[in-house]
Amino acid sequence: MKCRFCEKEAYIRLHYPKMLLCKEHFIEYFERKVRRTIERYKLLKPDEKILVVISGGKDSAVTAYVLKKLDYNIECLHINLGIGKYSEESEAYAKRQCELIGAKLHIVRVRELLGAGIGELKTRRPTCSYCGITKRYIFNRFAYENGFDAIATGHNLDDEASFVFSNIMHWNTDYLGKQGPLLPGEGKFVKKVKPLYELTEREVVYYALAVGLEYIIHECPYARGATTIEYKEILNAMEEKKPGTKINFIKGFLRKKHLFERELKEAPLGECKVCGMPAQGEKCSFCRVWGLEEPINLRIK
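Residues numbered from 1 in each chain as written. Predicted model: local features only at pLDDT ≥ 70, side-chain atom pairs only at ≥ 80, totals over all residues. Heavy atoms only, no water.

Focus: the packing of aromatic side chains
Part 1 of the argument: Within the structure shown, the criterion is met by 14 aromatic pairs.
Part 2 of the argument: Judged by centre distance (5.3 Å) and plane angle (85 degrees), the ring pair of F165 and Y231 falls under edge-to-face. Separated by 66 residues along the polypeptide, F165 in helix α6 (residues 157–169) and Y231 in helix α9 (residues 227–241) bring together distant segments of the chain. Judged on exposure class, the residue F165 and its partner Y231 are both buried.
Part 3 of the argument: For the cation-ring pair, K49 lies above F148, with the distance from its terminal atom to the ring centre recorded as 4.4 Å.
Part 4 of the argument: The positively charged end of R96 is found above the aromatic ring belonging to Y93, 4.4 Å away from the centroid. (Phe/Tyr/Trp six-rings, centres within 6.5 Å; stacked < 30°, edge-to-face > 60°. Helix = DSSP H or I, 4+ residues; strand = E, 2+ residues; numbered from the N terminus. Buried < 20%, exposed > 50% of the residue type's maximum accessible area, 1.4 Å probe, protein only. Lys NZ or Arg CZ within 6 Å of the ring centre and 35° of its normal.)

Here's the deal with the layout of surface pockets
Part 1 of the argument: There is about 640 Å³ of room inside the second largest pocket.
Part 2 of the argument: In this structure, the second largest pocket is lined by 25 residues; those nearest its centre are Y16, P17, T200, E203 and E239.
Part 3 of the argument: Taken together, the elements giving at least two residues each to the lining of the second largest pocket come down to β1 (12–15), α1 (23–40), α6, α8 (201–211), α9 and α10 (245–261).
Part 4 of the argument: Tallying contributions element by element places α1 first for the lining of the second largest pocket, with five residues. (1 Å grid on protein atoms, 1.4 Å probe; cavity = no way out; pocket = protein on both sides within 12 Å on 5 of 7 lines; lining within 4 Å. Points joined across faces, edges and corners; volume = space filled by probe spheres on them.)

Observations regarding the pairing of strand β5 (residues 105–109)
Part 1 of the argument: Of the two faces of β5, the one lined by H106 and V108 is fully buried and the one lined by L105, I107 and R109 carries no buried residue.
Part 2 of the argument: In this structure, strand β4 (residues 73–80) lies alongside β5, joined through five bridges in parallel fashion. Across the sheet, residue N80 finds its bridge partner in β5, namely R109. (Pairing = 2+ DSSP bridges.)

Structural notes on the nonpolar core
Grouped burial of nonpolar side chains is what soluble globular proteins tend to show.
Part 1 of the argument: Residues F30, L44, I50, V62, L67, I74 and Y207 are the most contacted members of the largest nonpolar core, which totals 57 residues.
Part 2 of the argument: If we ignore the near neighbours within four places in the chain, the residues touching I74 are I50, V52, A64, L67, K68, I101 and A103.
Part 3 of the argument: Within the second largest apolar cluster, 36 residues are counted, among which are I118, I133, A143 and I296. (Core = buried A, V, L, I, M, F, W, Y, C linked by side-chain atoms within 4.5 Å. Contact = heavy atoms within 4.5 Å.)

Observations concerning a negative patch on the surface
Part 1 of the argument: A cluster of acidic residues, D174, E186, E263 and E266, forms a negative patch at the surface.
Part 2 of the argument: Checked against the element boundaries, D174 lands in helix α7 (residues 173–178). (Patch = residues over 30% accessible without salt bridge, like charges linked within 9 Å, V, L, I, M, F, W, Y side chains within 5 Å. Areas by Shrake-Rupley, 256 points an atom, 1.4 Å probe, with all protein chains shown as cover. Salt bridge = Lys/Arg side-chain N within 4 Å of Asp/Glu carboxyl O. Lys, Arg positive; Asp, Glu negative; His and termini not counted. Charge placed at Lys NZ, Arg CZ, Asp CG, Glu CD.)

Quick look at the sheet that holds β4
Part 1 of the argument: The strand order across the open sheet built from six strands is β5-β4-β3-β6-β8-β7, with neighbouring strands paired in mixed fashion. Of all the strands in the sheet, just β5 and β7 (182–183) have a single pairing partner and so form its edges.
Part 2 of the argument: In this sheet, β4 lies alongside strand β3 (residues 49–53) in parallel orientation, the contact comprising five bridges. Residue pairing for β4: L51 is matched across the bridge by E75.

What about the side chain of T200?
Part 1 of the argument: Tracing the backbone through its elements, the reader meets T200 in the loop between β8 (191–193) and α8.
Part 2 of the argument: In this structure T200 comes out as buried when scored by relative accessible area, which is 18%.
Part 3 of the argument: Setting aside residues up to four positions removed in sequence, T200 forms contacts with L157 and D158.

Concerning the pairing of β4
Part 1 of the argument: For β4, the buried fraction is high: seven of the eight residues fall into the buried class.
Part 2 of the argument: For the crossover from β3 across helix α2 (residues 58–69) to β4, the handedness is right-handed.
Part 3 of the argument: You can see the chain leave β4, run along helix α3 (residues 84–101) and come back into β5, and the turn it takes is right-handed. (Right-handed = clockwise from strand over helix to strand, strands pointing away.)

Here we look at α3
Side chains of residues three or four places apart in an α-helix project in the same direction, reflecting 3.6 residues per turn.
Part 1 of the argument: Over its 18 residues, α3 runs 27 Å from end to end, which matches the ideal 26 Å to within 8%, given 1.5 Å per residue.
Part 2 of the argument: Along α3, the residues that are buried comprise S87, S90, E91, Y93, A94, Q97, C98 and I101. Buried positions in α3, seen along its axis, are confined to an arc of 165 degrees and lie on one side of it. Across from the buried face of α3, at angles greater than 90 degrees, the exposed residues are K85, E88 and E99.
Part 3 of the argument: Just downstream of α3 lies G102, where phi reads positive at about 75 degrees. (Expected span 1.5 Å × (residues − 1). Arc of directions from axis to C-beta.)

A look at unusual backbone geometry
Part 1 of the argument: For the bond from Y16 to P17, the omega torsion is 0 degrees, close enough to zero to count as cis.
Part 2 of the argument: The backbone of K42 sits at a positive phi, close to 50 degrees, despite the residue not being glycine.
Part 3 of the argument: Mapped onto the elements, K42 comes out in the loop between α1 and β3.
Part 4 of the argument: Judged by its relative accessible area of 67%, K42 falls in the exposed class.
Part 5 of the argument: One non-glycine residue, W171, lies in positive phi territory at about 50 degrees.
Part 6 of the argument: Its place among the elements puts W171 in the loop between α6 and α7.
Part 7 of the argument: Residue W171 is classed as exposed on the basis of its relative accessible area of 58%.

Details of the environment of L199
Part 1 of the argument: Among the structural elements, L199 can be located in the loop between β8 and α8.
Part 2 of the argument: For the pair formed by L199 and V34, sequence separation is 165 residues and the distance between their alpha carbons is 8.0 Å.

In structure tokens:
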């Protein structure tokens, strides 16, 4: 089978749009799609300083690689969650990925910072819940305290479609009202962007292989049985029957997002008495979960 645009052997068969591409034309297609996503949703400006949150997995590695190739000013942050061998491997991959692309890497280790790794904290909250709180707090505060204009994450089309699908199933309108490729910055919240918003997980895998990015393939041990995986399987089955289902679902959601934004309850935010970051009560959720009485230090030395 030949590439649609040349006589080279096809590297990938795209289901939507339907076409065969060689490795070179697929790389070109992928990067053009990232560039168009950035332009369409006004995600980034050329002079912005961008922090890419890099986990060691394929999505964040590809995000960093493409943004660097498109001449954006990026640095990377890896959060070592302290989950045994999984976190050790994740950090090793993050280091190799940043060496390959020539990006500066900052590492924050949760166990060194907080005295315990994810999964070791005694709390009634589910592990994934307080892990999410921890990661979001660390990368936002790191970006804020060190002068970054934007935070880029590796969320792809599959992630976004499953998240929206899940929250529609449960009518979590607050989450839906804030979901999208761009979350504008405000106060001490740094702007968050998703450059891979319109690219499927399959396309991300093929791109990583095409450019020689190695990445951890093991899932976090606490992610097993997550409902988002089930929703991805449902959407994959629908996509198989009708290619384009995911992207059309997401574009339709964005057209109707204003209906959910109307229901957002803007709770007044104060400052956390411990760290000074935004909080709805005396303490922010991060300091409350970890029982902190002194602020952590995330400034680059």
